Amino acid sequence: FDNITVDGTALTAGTDGKYTFTMKAADAVVVVNYTAEEYAIKSGDNVTAKKDNATVTKANAGATITVDFADLSASGKSLVSAKYTYNNIDHPLVISNFKSSFHMPAADVEISAVYDENVYAIINEDGFATAKVEGKTVNSAKKDATVEIIYADRSAEGWKFDNITVDGTALTAGTDG
């Protein structure tokens, strides 16, 4: 509630809290004015809330809130899920091209996103190599992991080791061989 006007003039509440006016010998136009309440929008890391293409931290109930999520694929992460929460209830967001939207409830909201590190396959085309990360045999690894390749000794079969290639590029042995 903001105020009450009669014929464009704001009324003041009396000591009893009531709004009154003295009727004239003419029609009276009474208007009760309300101010829309704004509710807080808290955005988590890599999340931006927008209304009418402007970043917002609060909005009125019913407003369409567009949510932009950061594309972290270059750093080896994928957006897995997102939600907005109000009144301790989670509401999943449908994500398309790192965007989503929802209608602002009459409550404060928190928007969050979950990113996971991408895991990439290590494809052993000929079956004569073993990949290890931190001493454990693996068939996949996260971005920037140090992958050790151990190759099979096939000298008894008449094969001499030549090289190991990854994505068409020959590797160079480290100082430990």
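Preceding block: the structure.
Residues numbered from 1 in each chain as written. Predicted model: local features only at pLDDT ≥ 70, side-chain atom pairs only at ≥ 80, totals over all residues. Heavy atoms only, no water.

Undergrad: What am I meant to see in the side chain of T5 here?
TA: Here T5 shows up in strand β1 (residues 3-6). T5 sits in the buried class, given a relative accessible area of 13%. T5 has contacts with A10, V29, V30, V31 and N33, leaving out every residue within four places of it along the chain. (Helix = DSSP H or I, 4+ residues; strand = E, 2+ residues; numbered from the N terminus. Buried < 20%, exposed > 50% of the residue type's maximum accessible area, 1.4 Å probe, protein only. Contact = heavy atoms within 4.5 Å.)

Undergrad: Would you mind going over the sheet that holds strand β5 (residues 47-51) with me for this structure?
TA: Strand pairing in a sheet is mediated by backbone hydrogen bonds. Such pairs are either parallel or antiparallel. Spatial strand order, β6-β5-β8-β11: 4 strands in an open sheet with antiparallel pairing. Looking at strand neighbours, the two that pair on one side only are β6 (54-55) and β11 (99-103), the edges of this open sheet. (Pairing = 2+ DSSP bridges.)

Undergrad: Where do I start with unusual backbone geometry in this structure?
TA: Backbone geometry follows two general trends: most residues other than glycine have a negative phi, and most peptide bonds adopt the trans configuration. Phi is positive for N97, close to 55°, though the residue is something other than glycine. With respect to the helices and strands, N97 occurs in the loop between β10 (89-92) and β11. What makes N97 exposed here is its relative accessible area of 69%.

Undergrad: What am I meant to see in the pairing of β10 here?
TA: For a regular strand, the rule is simple: side chains alternate between the two faces of the sheet. As judged from the 4 bridges shared by strand β9 (residues 77-86) and β10, these two strands associate in the antiparallel manner. Paired with Y86 across the strands is I89, a residue of β10. In textbook terms, the turn of a hairpin is the stretch between consecutive antiparallel strands, and for β9 and β10 this stretch comprises 2 residues, one of which, N87, has a positive phi near 50°.

Undergrad: Even after reading the chapter, I still don't get the pairing of strand β14 (residues 129-133), so can you show me in this structure?
TA: Pairing geometry for β14 and strand β17 (residues 148-151), over 4 bridges, is antiparallel. Within the sheet, the bridge partner assigned to T130 lies in β17 and is I150. Where β14 meets strand β15 (residues 136-138), 3 bridges bridge the pair, whose relative direction is antiparallel. Within the sheet, the bridge partner assigned to A131 lies in β15 and is V138. In sequence, β14 turns back onto β15 through a hairpin of 2 residues, with E134 there showing a positive phi of about 55°.

Undergrad: Hey, could you run me through the sheet that holds strand β3 (residues 30-33) in this one?
TA: One open sheet accounts for 3 strands, arranged β2-β1-β3; its pairing is antiparallel. Each having just a single partner strand, β2 (9-10) and β3 make up the two edges of the open sheet. Strand direction decides the pairing type here: β1 and β3, joined by 4 bridges, are antiparallel. Opposite N3, over in β3, you have N33 as the bridge partner.

Undergrad: Explain the pattern of salt bridges here, please?
TA: A side chain with one charge may pair with a side chain of the opposite charge, provided their charged atoms come close. Inspection of every chain in the model, using the stated rule, returns 6 salt bridges. Here K58 and E38 are joined by a salt bridge, their closest N and O atoms 3.6 Å apart. One end of the pair, K58, is in strand β7 (residues 58-60); the other, E38, is in strand β4 (residues 38-43), with 20 residues separating them in the sequence. Given the relative accessible area of 44%, E38 is considered partly exposed. It is possible to trace a salt-bridge network through shared partners that takes in K50, D68 and K99. (Salt bridge = Lys/Arg side-chain N within 4 Å of Asp/Glu carboxyl O.)

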